[in-house]
Amino acid sequence: MTEATKGVLAMVGACVIWGFSALYYKLLSDITSSEVLAHRTIWSAVCFVIVLSIQSRLGELRVVLSNKRSLSQVFAAAVLVSTNWYFFIVSVNLGHLMQSSLGFYIFPLVAVALGAFILKEPFTRSKKIAVSLAGLAVVQLTLGLGVAPWISLILAFSFGFYGLIKRHVIAGPVVSVTAEVSLLMPLAMAYLAWLYSTKSGFSPDLTELILLILSGPLTAIPMILFSYASKRTALSTIGLVQYLNPTIQFSVAVFIFGEAMTLWHTITFLMIWSGLAIYSVGAMRPQAAR
């Protein structure tokens, strides 16, 4: 098996875990989203630190956290990734996983738009068409349902800006994510301490407590797989495989959770899928042909 093939399999594994993780968080729907997020932050930090300790890479973590510039970047990234995690959990708890799926479908096109307008990256014809289709899809869904798909937009833009910031962090994905959750961990612990001291928090039974603890490995494992894949697989391939995540989320929302698929949703997803197809084809064509 070639290294590239191993990378693709690792990326598929990461996307499968991300896609089906909604089923896991549904088991915790009796607990508030903010409390689940706090546990996820704490236990994922523990997992990442253990991984870096085994790899003898804690020195890299100290370098990132001791540099003022990288520290500010990591903090901004931490706020964005925790926002993304929170609204994903909210989408599961409120029965709006389809919105989460739509958000992760929109994300690549948001990344294209941010790259064009902020980083001044080439904005080719195929990219313009794809981004325009995404914008029109959101507008028609808003008009059709009478409310904007806020969860979708927050997920797409929080992850888009997260990726933008991560371009400038002087560390690999695993080290930088460890730094992010390490910064958030004291806040999460303080929040849980306040909840339990005021008896405002949920009192999980043993099964729920184990599930909360295991949210750490559930967060860490796909990130490690993604890091492994990114070093062995072409970026274009990773981009295409990533569509597996929202596709699984969409399937879970419709076929397992039984969320309603209205005509407006159908039109929106068809427009987004068309935009992604145009973008993907354009990305694989020679520059002169775009």
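This text follows the structure it describes.
Residues numbered from 1 in each chain as written. Predicted model: local features only at pLDDT ≥ 70, side-chain atom pairs only at ≥ 80, totals over all residues. Heavy atoms only, no water.

Let's talk about the overall build of the chain
Check the secondary structure of the chain and you find 12 helices and 0 strands. Each helix and strand of the chain, placed in order from N terminus to C terminus, yields the pattern α-α-α-α-α-α-α-α-α-α-α-α. Here the C-alpha radius of gyration of the chain, 19 Å, is about what a compact globule of 290 residues would show, namely 19 Å. Considered along the principal axes of its C-alpha atoms, the chain spans approximately 55 × 40 × 40 Å. Burial analysis of the chain (290 residues in total) assigns 46% to the buried set. Across the chain, every contact between residues at least 6 apart in sequence was considered, and the portion connecting residues at least 24 apart equals 84%. (Helix = DSSP H or I, 4+ residues; strand = E, 2+ residues; numbered from the N terminus. Rg over C-alpha atoms; globule rule 2.2 N^0.38 Å. Buried < 20%, exposed > 50% of the residue type's maximum accessible area, 1.4 Å probe, protein only. Contact = heavy atoms within 4.5 Å.)

Comments concerning the packing of helix H2 (residues 33–54) against helix H4 (residues 68–93)
At a closest axis distance of 9 Å, the pairing of H2 and H4 adopts a crossing angle of 130°. By the angle between their directions, the pair H2 and H4 is classed as oblique. Seen along the crossing, H2 lies across H4 with a hand that is right-handed. Residues Ser33, Ser34, Val36, Leu37, Arg40, Thr41 and Ser44 of H2 form the contact with H4, whose own contacting residues are Ser82, Trp85, Tyr86, Ile89, Val90 and Asn93. Of the residues belonging to the contact of H2 with H4, the class tally is 6 nonpolar, 6 polar and 1 charged. (Axes fitted to C-alpha atoms, helices over the stretch in contact; angles between N-to-C directions. Parallel < 35°, antiparallel > 145°, perpendicular 65-115°, else oblique. Left-handed = near helix turned anticlockwise from the far one by under 90°. Nonpolar A, V, L, I, M, F, W, Y, C, P; charged D, E, K, R; others polar.)

Let's talk about unusual backbone geometry
Excluding glycine, a negative phi dihedral is what most residues carry, and trans is how most peptide bonds are arranged. One non-glycine residue, Ser56, adopts positive backbone phi at about 55°. By the secondary structure assignment, Ser56 is in the loop between H2 and helix H3 (58–66). Notably, Lys120 is not glycine yet its phi reads approximately 60°, a positive angle. Residue class for Lys120 comes out exposed when judged on its relative accessible area of 65%.

Observations regarding the side chain of Thr268
Among the secondary structure elements, Thr268 is positioned in helix H12 (residues 263–284). The buried category is assigned to Thr268, whose relative accessible area is 1%. Leave out the neighbours within four places in its chain, and Thr268 touches Leu102, Ala137, Gln140 and Leu141.

Some remarks on the nonpolar core
Generally speaking, a soluble globular protein has its nonpolar side chains buried in company with each other. Formed by 63 residues in total, the largest nonpolar core has its most connected members in Tyr25, Leu28, Phe88 and Ile272. Once residues lying within four places of it in the same chain are set aside, the contact partners of Phe88 are Ser21, Ala22, Tyr25, Leu97, Ser100, Phe104, Leu155 and Gln249. Among the nonpolar cores identified, the runner-up in size contains 6 residues, and Ala10, Cys15, Ala229 and Val241 belong to it. (Core = buried A, V, L, I, M, F, W, Y, C linked by side-chain atoms within 4.5 Å.)

Points about the pattern of salt bridges
Inspection of every chain in the model, using the stated rule, returns 3 salt bridges. Of the charged contacts, one joins Glu3 and Lys6 as a salt bridge, the two residues approaching to 3.3 Å between their closest N and O atoms. You can see Glu3 and its partner Lys6 sitting in helix H1 (residues 3–26), 3 residues apart, about one turn around the helix. For Arg57, the salt bridge identified is with Glu60, shortest N-O distance 3.1 Å. Its relative accessible area of 37% is what places Glu60 among the partly exposed residues. (Salt bridge = Lys/Arg side-chain N within 4 Å of Asp/Glu carboxyl O.)

Side note on the packing of aromatic side chains
Applying the stated criterion across every chain yields a total of 14 aromatic pairs. Here Phe159 and Tyr162 contribute two aromatic rings whose centre-to-centre distance is 5.7 Å and whose plane-to-plane angle is 20°, an arrangement assigned as stacked. Of this pair, Phe159 and Tyr162 both sit in helix H7 (residues 150–166), separated by 3 residues, roughly a single helical turn. Between the aromatic rings of Phe269 and Trp273, the centroid separation amounts to 5.6 Å while the plane-to-plane angle is 45°, which identifies the pairing as tilted. Placement of both Phe269 and Trp273 in helix H12 is noted, with a separation of 4 residues, approximately one turn of the helix. Among the residues examined, Phe269 registers a relative accessible area of 1% and is labelled buried. (Phe/Tyr/Trp six-rings, centres within 6.5 Å; stacked < 30°, edge-to-face > 60°.)

Looking at a nonpolar patch on the surface
Taken together, the side chains of Leu145, Val147, Trp150, Leu263, Trp264 and Ile267 define a hydrophobic patch exposed on the protein surface, amounting to about 590 Å² of accessible area. Of note, Ile267 is situated in helix H12. Classification of Ile267 by relative accessible area gives partly exposed; the value is 30%. (Patch = residues over 30% accessible without salt bridge, like charges linked within 9 Å, V, L, I, M, F, W, Y side chains within 5 Å. Areas by Shrake-Rupley, 256 points an atom, 1.4 Å probe, with all protein chains shown as cover.)

Section: the environment of Ser44
Along the chain, Ser44 falls in helix H2. When the C-alpha atoms of Ser44 and Ile106 are compared, they prove to be 26 Å apart, with 62 residues separating the residues in sequence. A polar atom in the side chain of Ser44 sits 3.1 Å from the backbone oxygen of Thr41. (Polar contact = N/O pair within 3.5 Å; in protein donor to acceptor, adjacent residues only side chain to side chain.)

A short note on H1
Compared with an ideal rise of 1.5 Å per residue, which puts 24 residues at 34 Å, H1 spans 35 Å between its outermost C-alpha atoms and is within 8% of the ideal. Remark: the principal bend of H1, roughly 40°, maps to Phe20. Of all the residues in H1, the buried ones are Gly7, Ala10, Met11, Ala14, Cys15, Gly19, Ser21, Ala22, Tyr24 and Tyr25. (Expected span 1.5 Å × (residues − 1). Bend = angle between axes of the 7 residues up to and from the residue.)

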